[in-house]
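Chain by chain, the residues:
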Amino acid sequence: MILITRPQEPGRLLAAHLRDAGCDALWWPAFDLLPPQDAPALRSCVARLAQFDLVVFVSPAAVQAFAAAMTDAWPGHSTIAAVGAATRSAALAGLPGAERARIIAPEGPSAADGGSESLWRSLQALEPAPRRVLIVRAQGGRQWLIERLLAGGAQVEQAVAYRRVAHVPAPVQWAALRAGKAAGARLALLYSSTEAVPVLAAQLGRDEELSAWLAGAVALCVHRRIEEALRTSGHADIRRCDPDVQSIRDALRSDPGAMRPATANDQADPASNSFLRIS
């Protein structure tokens, strides 16, 4: 059984696509994303968008919230920066006029690490260096990139686009999870943020059996910083992958112990038997 902890529609769709591909996948978001407590402050930043040389988006959710508050097209002189490929795609698709702007996101070997650290390497190459920067983010997010920009002499403002609250699983979700454990399925979890690591541990740690199941799970993560958080929390089997069906299946196939002897059906659908849906 594969738990997809990514919130909102991207997580729900990924779980659905995995099920369509024959995997036993359950959407189990670590967080619910809610509007910011200070919506006027976000609208103020949007209204002053043309004042910024650089606007950094920390997630697709940040893009969506910012775009929803926009009334004019993106100013072509304001560079867009995205922490990863999914955020870059969301910016191109969701920000009106974004195709006219320069868009920066981690590329090459650094893209696999993802997050603020990888984006910072790309931002350091900007000429001229941005002087006025807006960071569109969640409430209570990391300060790492802000500190680097300030140290480089930039003026930095923050636009809180949304806030995260720990998801409260519905009874039907708990029932599906316990049914998977009762069936003897091996557990895998896809983490898309470091913050999700303690949230999932707290959710499943309330039940001794589920906590033991989590301890032996395969932990899939989308970049290095999440991998470090998982290792610190005690996970032993950690694998990097992209948040898409093929990459997840490839990561799970990398476990020889999870594979059954090859059959004709495996050649057509070569996923790890431990994570295939039993029909």
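Scope of this entry: the structure provided in the associated data block. (Residues numbered from 1 in each chain as written. Predicted model: local features only at pLDDT ≥ 70, side-chain atom pairs only at ≥ 80, totals over all residues. Heavy atoms only, no water.)

A word on the sheet that holds strand β9 (residues 188-191). Spatially, β2-β1-β9-β10-β11 is the arrangement adopted by the five strands of the open sheet, whose pairing is parallel. Two strands lie at the open edges of the sheet, namely β2 (25-27) and β11 (237-240), each paired on one side alone. Direction aside, neighbouring strands of the sheet carry axes that sit 25° apart on average. Pairing geometry for β9 and strand β10 (residues 218-221), over four bridges, is parallel. Across the sheet, Ala-188 pairs through a bridge with Val-218, a residue of β10. Most of the contacts of helix α1 (residues 8-20) go to β2, to which it runs at about 165°, and overall it touches β1 (2-4), β2 and β9. (Pairing = 2+ DSSP bridges. Helix = DSSP H or I, 4+ residues; strand = E, 2+ residues; numbered from the N terminus. Axes fitted to C-alpha atoms, helices over the stretch in contact; angles between N-to-C directions. Contact = heavy atoms within 4.5 Å.)

A few words on the state of the cysteines. Summed over the entire model, instances satisfying the criterion amount to zero disulfides. Cys-221 carries a free sulfur, and the closest cysteine sulfur to it, the one in Cys-241, is 7.2 Å from it. Overall, Cys-221 belongs to the buried group, its relative accessible area being 0%. (Disulfide = S-S within 2.5 Å. Buried < 20%, exposed > 50% of the residue type's maximum accessible area, 1.4 Å probe, protein only.)

For the rest of this paragraph, the subject is the packing of aromatic side chains. Each aromatic ring pair is described using two quantities: the centre-to-centre distance and the angle formed by the ring planes. A full pass over the atoms with the stated rule returns four aromatic pairs. Relative to Trp-74, the ring of Phe-57 has its centre 6.0 Å away and its plane inclined at 50°; by these criteria the two rings are tilted. A residue pair is termed long-range when its members are at least 10 positions apart, and Phe-57 in strand β4 (residues 54-57) and Trp-74 in the loop between α3 (60-69) and β5 (79-82) qualify at 17 residues. Judged by centre distance (6.1 Å) and plane angle (55°), the ring pair of Phe-66 and Trp-74 falls under tilted. For the pair Phe-66 and Trp-74, a shared accessibility class is recorded, and that class is buried. The side chain of Arg-132 reaches across the aromatic face of Phe-52, ending 5.4 Å from its centre. Taking the ring centre of Phe-31 as reference, the NZ or CZ of Arg-164 above it sits at 5.4 Å. (Phe/Tyr/Trp six-rings, centres within 6.5 Å; stacked < 30°, edge-to-face > 60°. Lys NZ or Arg CZ within 6 Å of the ring centre and 35° of its normal.)

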